[in-house]
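# Breakdown of the fold
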Amino acid sequence: MRSMQKVEVVIKFIKHIVWGLIWEGVLALIIGLLIFIFPSLLGMLVGLLLVISAIYLFVMAYRINKLSSFKLEI
């Protein structure tokens, strides 16, 4: 019964990664389109994308560290 709970944690973790990557892709697409429309804002938009991506990576690193440490009783 305990192994089913651990499988659920892994599946939940993978869902978080997938949704995070989808949102980061959507954000990159929107910023890319804005750069084509407003080329003068290139520096600001690229900086915004990098800051948001860095925050996302820190959050995912925290979640990976939190969810990857579990004990298995044999």
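Heads up: these notes are all about the structure in this document.

### So, the overall build of the chain
Helix and strand content of the chain: two helices and zero strands. Counting over 74 residues, the chain shows a buried share of 9%. With the model as given, the accessible surface of the chain reaches about 6400 Å², and the carbon-plus-sulfur share is 77%.

### Focus: the environment of I64
Relative to the helices and strands, I64 resides in helix α2 (residues 42–68). Judged by relative accessible area, which is 39%, I64 ranks as partly exposed. Along the sequence, I64 and I17 sit 47 residues apart, while their C-alpha atoms lie 9.5 Å from each other.

Reading guide: rules and limits
Residues numbered from 1 in each chain as written. Predicted model: local features only at pLDDT ≥ 70, side-chain atom pairs only at ≥ 80, totals over all residues. Heavy atoms only, no water. Helix = DSSP H or I, 4+ residues; strand = E, 2+ residues; numbered from the N terminus. Buried < 20%, exposed > 50% of the residue type's maximum accessible area, 1.4 Å probe, protein only. Areas by Shrake-Rupley, 256 points an atom, 1.4 Å probe, with all protein chains shown as cover.

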